[in-house]
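So you can see what is in the structure, the chains are spelled out below.
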Amino acid sequence: MEDNKIAVGLDIGTTKIVAMIGRKNDYGKIEVVGIGKAKSLGVKRGVVSNITQTIQSIQQAVDEAESVSGIKIEDVVVGIAGQHIRSLHHSDYITRNNADEVIDALDIENLVNQVHKLVMLPGEEIIHVLPQEFKVDSQADIKEPIGMYGGRLEANFHVVVGQVSSIRNIGRCVKSAGLDLNEITLEPLASAQAVLSQEEKEAGVALIDIGGGTTDLAIFKDGIIRHTAVIPFGGNVITDDIKEGCSIIEKQAELLKIKFGSAWPGENKETEIVSIPGLRGREPKEITLKNLSRIIHARVQEIIEHVYLEIKNYGHETAKGKLIAGIVLTGGGSQLKHLRQLVEYITGMDARIGYPNEHLAGESDEALTSPSYATAVGLLMEGLEKDSKVAEQEADTSEVLEQTEGTQNEEVNEPEQEVKAKQKPKTRTFFEKFTEGLKDFLDNAE
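Quick summary incoming for the structure in this document. (Residues numbered from 1 in each chain as written. Predicted model: local features only at pLDDT ≥ 70, side-chain atom pairs only at ≥ 80, totals over all residues. Heavy atoms only, no water.)

This next bit is on the overall build of the chain. The helix and strand tally for the chain stands at 12 helices and 18 strands. Buried positions account for 50% of the 446 residues belonging to the chain. Of the roughly 22200 Å² that the chain leaves accessible, carbon and sulfur atoms contribute 48%. (Helix = DSSP H or I, 4+ residues; strand = E, 2+ residues; numbered from the N terminus. Buried < 20%, exposed > 50% of the residue type's maximum accessible area, 1.4 Å probe, protein only. Areas by Shrake-Rupley, 256 points an atom, 1.4 Å probe, with all protein chains shown as cover.)

What follows is the structure, encoded as structure tokens:
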């Protein structure tokens, strides 16, 4: 078992922090070798509100994962969400110096870097620059322009923006917990990787990840990410409503929601009553399940209507933007009874619950296939994918060096240039550069 084949996903959520260690088995499926979970105390609505508590929770989750797997965790792939995330669409172009040369990865990188120079609001920074369709000269709707001839390269971009301070706070927590930051990725994108199939992404699908503090949305069409949004409501708001509406403590409200909660009030009869023990010898409280589901229904409806507004803003009601595969619900909040039926009723779209089990090895623990672990599985997949890309690049470089060793004594200039051209590493995504910039910032801040 080689260390470089192991990756770690760290999901810093509002309700829980999960550290998941895994590797790929012989069949290309993910084998989870260790998982650690800790109650998230210092995170509110996806944003770190207490650095010390968050560091402790991360350390607790990591220690548990290490003791289960017997593997020392060094670097992690972290997900970011939170109410500060927003997205926008932008078109940009570059004019190439030589139209007789084919378009290569460097041209695309130049175009992406140009988008990165966009002026944002104070305190905001671009997180992801995701190219959608390209246009070469007057030819539109090109998915892959590399290898084509053209003087003007244009593209539509989906740009994800977030608060610099929030991202740096997450980086500081990870570093203070004694871990290296391998990569940061947007949580809805990680969840999408874990629960969506390529066919759904092609047909058009909206992924709704209902977490404790936020509800994340990612819309795909023609295999490309089209829209992302973070709505600052999640399962915790439903618990708060139950707490206020039934005059009970938070722990009891959470238990009520999980055990008896339903998003559809019509399912419960007036006679169905649950009794809750009173505090310190007080009289027990009697709550009708119909009343409970009315409270839940009102808040869930509000969350779904927020999400559906985002789906309509993307253009689902147009012929070109129609999401044929409908909606996939995931995250801990998606386990609420009758939620799928309510989503179908409000939106008029087909819906299913997304489980991350299709990417996991057959003998995986059943608990891991829960929708609440979708983000952690997605982050783990992201880490394994990055490691395999790095390994491929290293293999390509060593192969080129071996081939050129024999030509050392021949004409010096030409082979040297050739080696340099071949050795040029694959262009890094902006997000990889951003992660490196964040690492440098954290190192200098010490």
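Attention now goes to the sheet that holds strand S3 (residues 30-39). Read from one edge to the other, the open sheet built from 5 strands follows the order S3-S2-S1-S6-S11, with strand pairing classed as mixed. Two strands bound the open sheet, and with one partner strand each, they are S3 and strand S11 (180-186). Each neighbouring strand pair of the sheet contributes to a mean axis angle of 25 degrees, computed without reference to strand direction. Pairing between strand S6 (residues 75-80) and S11: 6 bridges, direction parallel. By the bridge assignment for S11, Gly79 is matched with Thr185. Relative to S3, helix H1 (residues 51-69) is tilted by about 145 degrees, and along the sheet it contacts strand S1 (6-12), strand S2 (16-24) and S3. Against the sheet, helix H3 (residues 164-176) makes contact with S1, S6 and S11, and its axis sits at roughly 150 degrees relative to S6, the strand it touches most. (Pairing = 2+ DSSP bridges. Axes fitted to C-alpha atoms, helices over the stretch in contact; angles between N-to-C directions. Contact = heavy atoms within 4.5 Å.)

Turning our attention to the packing of aromatic side chains. A complete count under the given rule lists 1 aromatic pair for this structure. Ring geometry for Trp264 versus Tyr345: centroids 5.5 Å apart, planes at 80 degrees, classification edge-to-face. With a gap of 81 residues between them, Trp264 in the loop between helix H7 (250-260) and strand S15 (273-276) and Tyr345 in helix H9 (residues 339-347) connect regions that are remote in the sequence. A cation over a ring is seen here: Arg152 above Tyr93, with NZ or CZ 3.8 Å from the ring centre. In this arrangement the basic side chain of Arg299 is found over the ring face of Phe233, its NZ or CZ atom lying 5.7 Å from the centre. (Phe/Tyr/Trp six-rings, centres within 6.5 Å; stacked < 30°, edge-to-face > 60°. Lys NZ or Arg CZ within 6 Å of the ring centre and 35° of its normal.)

A few words now on unusual backbone geometry. A positive phi angle, near 50 degrees, is found at Arg45, a position not held by glycine. The backbone phi angle of Asp137 is positive, close to 50 degrees, even though this residue is not glycine. What makes Asp137 partly exposed here is its relative accessible area of 40%.

The 4 strands are arranged S7-S10-S8-S9 in an open sheet whose pairing can be described as antiparallel. Bordering the open sheet on either side are strand S7 (86-95) and strand S9 (139-142), each of which pairs with just one other strand. In this sheet, neighbouring strand axes are inclined to one another by 35 degrees on average, regardless of whether the strands run parallel or antiparallel. Note: S7 against strand S10 (residues 152-163), 10 bridges, orientation antiparallel. Across the sheet, the residue bridging to His89 is His158, located in S10. Packed on one face of the sheet, helix H2 (residues 105-116) meets S7, strand S8 (124-136) and S10 and runs near 130 degrees to S7. Along the sheet, H3 contacts S8 and S10; its crossing angle with S10, the most-contacted strand, is approximately 70 degrees.

A few words now on the packing of helix H6 (residues 235-246) against helix H8 (residues 289-314). The N-to-C vectors of H6 and H8 enclose an angle of 145 degrees; their axes lie 9 Å apart at closest approach. The element H6 and its partner H8 pack so that their crossing is right-handed. Contacts from Val237, Ile238, Asp241, Ile242, Gly245 and Cys246 in H6 reach Leu292, Ile295, Ile296, Arg299, Val300 and Ile303 in H8. Along the lines of polarity and charge, the residues of the contact of H6 with H8 split into 9 nonpolar, 1 polar and 2 charged. (Left-handed = near helix turned anticlockwise from the far one by under 90°. Nonpolar A, V, L, I, M, F, W, Y, C, P; charged D, E, K, R; others polar.)

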